[in-house]
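One letter stands for each residue in the lines below.
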Amino acid sequence: MKATDISDPEYFHKVVDCQYACPAHTPVPEYIRLIGQRRYSDAYMVNWESNVFPGVLGRTCDRPCEPACRRGRIEEQPVAICRLKRVAADHKDDANVASRMPVIPTQKNGRKIALVGAGPASLTVARDLMPLGYTIDLYDENAKGGGFMRSQIPAFRLPEEILDEEVNYVTDMGVSTIYNHYVDSMNGLLAKDYDAVFVGTGAPRGRDLQIPGRDQAKANIHIGIDWLESVAFEHTDRIGKKVVIIGGGNTAMDCCRTAMRIGGEQVTVTVRSTYEAMKASPWEKEDTLGEGIPILPNHSPREFIVDDGKLVAMTFDVVESSYDEHGKRTIRETGDIITIECTDVIIAIGQDNAFPWIEKDAGIEFGEWDMPVVNKQTFQTTNEKVFIGGDAAFGPENIITAVAHGHQAAISIDLYLSGKSVSQQRPPAGINLASTKMGIHEWAYDSEVIEDERQQSTHVPVEKALQDRKIESELGFDIETAFTEAERCLNCDIQTVFIEAKCIECDGCTDICPTNCITFTANDEEASLRQKLSAPALNLTQDLYISQDLPTGRIMVKDEDLCLHCGLCAERCPTSAWDMQKYLYTVTKAGDRPAPLLVEQSGSGDKQSDKAA
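A. Region of interest: the overall build of the protein chain. Counting its regular elements, the protein chain contains 23 helices and 23 strands. The C-alpha atoms of the protein chain give a radius of gyration of 26 Å, which matches the 25 Å a tight globule of 613 residues would have. On the principal axes, the C-alpha backbone points of the protein chain span a range of 90 × 65 × 50 Å. A buried classification covers 56% of the 613 residues belonging to the protein chain. Taking contacts inside the protein chain between residues at least 6 apart in sequence as the whole, the part at least 24 apart equals 72%. Of the roughly 25,900 Å² of accessible surface on the protein chain, 48% is carried by carbon and sulfur atoms. In the protein chain, 62 side chains carry a positive charge and 94 a negative one; their mean positions are 2 Å apart.

Rendered as C-alpha cells:
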C-alpha cells in the first residue's frame, strides 16, 4: 500500500467520526473540551459557526454524530453530544455571544437575493451571505421565522424563546423580513429585481390515509404536521379524550405527546412496523413511553368506524414483518383484527413536497415525483438564478441537514453572482494540524481513557409536564453533570501522527496500545495487509494509516477504526516518533472567509472561570 498522505484535508476528517457523521461537520470534540473548561460562550460560537442553531439542535437534533462516537465502541452508550451542545447554549454569556456576531457591511455590494421560507436552510443562507454585503429579503407566510422548527416542534421540546433568540441572531444582521406573506408565484418573484432566489420551503404537505370511512369521519381526522402547526399558532387548543396516532416517526411522537397536553386522556400510537424498526429516534420513543402513552407495533390501519356521523373507533389488521437479504420488508396479515375506540385520529405517516406556486414555464425542470431537478452539490436548479435546499430539495430530513444545505447553497449563490463556476471553483475546507505537546510526555488535553457511564438528563415530573404544552419537559444537564459527560469524550480530533525519521522500531508503542491498533510489518496489498495486523482491520470504511518504509524494510500500520486517541503510544515512545496533534476541520463559508475557530487553550470570554478538562 502507498504511504498515507495526512496533508489531505479529508483523511483525518474521516477519522473524527462524530464530526464526519454530522451533515454540517460541527467540530464536536473541540466544543466538548471547551465545555469541560467551563468556556460556554466559546463552545457556543464553535457550534454556531457550523450549525447556526445550537440551542435548538441541543434539544431537537436527530444526533447522527452519536452512533458514530468512538466511546460507543468501548462502552454501551456514546457521549451525549447533543445534550452537551445544549449546555453551551444554556450557559453561554448572552452579551458576549451577541458581541461576537459577524460585522455586517454598511456599504452593500449591489446584489439582492430573495429567500422563500424562513426555515433553517434559508436562515443559514442569510447568515452566510449577509456578512458579504448582500441585500436579502426573507419571505414567509407565518408571523415569525423558524419554519418547521416553530410549526412542527412542540414548545415542550423547543421553547419559543430559544427559537426566537437564534432566529433573531440571523435576522438582526439586517435581513428584511417579509412575514405573513405567502409567495404564490415564482415568475412573479423572478420578475422583481432579485439577482438570485433561494427556496427553503420545507416539505409542507402531510400524507393522508385513504381507507374506508375517511370521508365520513373527516371532521375528527387530522394530518399530523398541519395539526401541530395549528396547535403551535394557537388555532387549536383542545382535542377529544380518546386519540389514536397513526405513524411511527418523530412527528407521530410529537403529536401524541401534544394530544396528552391539550385534552387527550387515552392516547395510543399505532405503527405498521415493529417497535425496533420505527423511524422515531430512540429517545423520542422513550419519552413517549415515559409519559404513559402506549405504542402498538404491527398494526396496519384497516377502517375508520363511524356511528351516527361521528368517529367512534378504528380497526387494524395485525401484521407480521419479514425482511429479505437486501433488507426489503414484506408485511403479512395474520388474520387478527383489533378495534380501538377513538374520538380523534391524527395521521403522521410522512410528508411530501409541494410546489404549486412554481410555474412550469419558470425555467425549472421537474423530474421524478414532480420534484424540481436540483444539483446535489451546488443546489442550483435548471434556472441558474434559482437554488433550492433543505427538505424542499430532496425530501424530508432534519434541521442539521437543512443547515448543511444552506451553507453549500450560500457558497453557490456567492460564486454565481461573482461570475465564477458554482461547481468548479468551490472553496476547499479549512484545516489546522498542530502539536498539543507541552513537555516531553505531556499534552494539552486529558488523554486518560476510563470507564464512564453516560449521564442522564433530568426531566420535569410527568404529572407537571402534562399540565401545560409550553412547559419544557427535559431540563438537560446541570454544570457538574455536563463536566462529567464532557470527560467521556475521547478527543478523536487529537490525531496520532507518526514521524518516520524519529522511529527506532523498538515496537514499544505496539506493547502499550490497549486496542492493538498498531502493527509493524512488511508491506502488502490492502486485503492481505488488513488480515495480518495485530488485530484484523475488518471495517473497510475506515482507512489504514501507512508509513513510509522504515530502515528494517517494515512499515507502520495503524487501524484508524480501533484507535482511541488515548496517546499512550506517544507517551511510551522514547524518541517522540509519535505526536498527538490537534486536527481542526472547518467547512468554508461563502466568500471563502477565514475559519474563525481555533480558540486558545487559555483565557475565556465567559463570566465563568476556566477549568482544564
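B. Up close: the state of the cysteines. On inspection of all chains with the given rule, the structure shows zero disulfides. Distance from the sulfur of C22, which forms no disulfide, to the nearest cysteine sulfur (C65) is 6.5 Å. Among the cysteines around C573, which has no disulfide bond, C506 carries the closest sulfur, lying 6.0 Å off. Given the relative accessible area of 8%, C573 is considered buried.

C. A look at the side chain of T236. Its place among the elements puts T236 in the loop between α14 (224–232) and β7 (242–246). Here the side chain of T236 touches S230 through a polar contact of 2.6 Å, side chain to side chain. Ignoring sequence-local partners within four residues, the contact set of T236 consists of W227, S230 and V231.

D. A look at the packing of aromatic side chains. If you walk through the whole model with that rule in mind, you get twelve aromatic pairs. Relative to Y194, the ring of Y139 lies with its centre 6.4 Å away and its plane at 80°, an arrangement referred to as edge-to-face. You can see Y139 sitting in strand β2 (residues 135–139) and its partner Y194 sitting in the loop between α13 (186–190) and β4 (196–199), a full 55 residues away along the chain. For Y194, a relative accessible area of 5% corresponds to the buried category. Their ring planes at 65° and their centres at 6.3 Å tell us that F498 and F520 sit as a pair that is edge-to-face. Residue F498 is located in strand β19 (residues 494–498), and its partner F520 is located in strand β20 (residues 518–521); the two are separated by 22 residues in the primary sequence. Side by side, F498 and F520 carry an identical accessibility label, which is buried.

E. Layout of unusual backbone geometry. The phi torsion at N298 lies on the positive side, around 60°, for a residue other than glycine. Considering the arrangement of structural elements, one finds N298 in the loop between β9 (295–296) and β10 (299–307). Unlike most non-glycine residues, D370 shows phi in positive territory, near 55°. With respect to the helices and strands, D370 occurs in the loop between β14 (351–352) and β15 (386–388). For D370, a relative accessible area of 49% corresponds to the partly exposed category.

F. View of helix α10 (residues 120–129). The buried fraction of α10 amounts to ten of the ten residues, a majority that puts the element mostly inside the structure. Taken residue by residue, α10 has P120, A121, S122, L123, T124, V125, A126, R127, D128 and L129 as its buried positions.

G. Representation of the sheet that holds strand β12 (residues 329–341) in the model. Pairing is antiparallel in the open sheet, where three strands are placed in the order β10-β11-β12. A single partner strand is all that each edge strand has here, and the edge strands are β10 and β12. Averaged over all adjacent pairs, the angle separating strand axes in this sheet is 20°, with direction ignored. With eight bridges connecting them, β10 and strand β11 (residues 310–323) associate as antiparallel partners.

Parameters and conventions
Residues numbered from 1 in each chain as written. Predicted model: local features only at pLDDT ≥ 70, side-chain atom pairs only at ≥ 80, totals over all residues. Heavy atoms only, no water. Helix = DSSP H or I, 4+ residues; strand = E, 2+ residues; numbered from the N terminus. Rg over C-alpha atoms; globule rule 2.2 N^0.38 Å. Buried < 20%, exposed > 50% of the residue type's maximum accessible area, 1.4 Å probe, protein only. Contact = heavy atoms within 4.5 Å. Areas by Shrake-Rupley, 256 points an atom, 1.4 Å probe, with all protein chains shown as cover. Lys, Arg positive; Asp, Glu negative; His and termini not counted. Charge placed at Lys NZ, Arg CZ, Asp CG, Glu CD. Disulfide = S-S within 2.5 Å. Polar contact = N/O pair within 3.5 Å; in protein donor to acceptor, adjacent residues only side chain to side chain. Phe/Tyr/Trp six-rings, centres within 6.5 Å; stacked < 30°, edge-to-face > 60°. Pairing = 2+ DSSP bridges. Axes fitted to C-alpha atoms, helices over the stretch in contact; angles between N-to-C directions.

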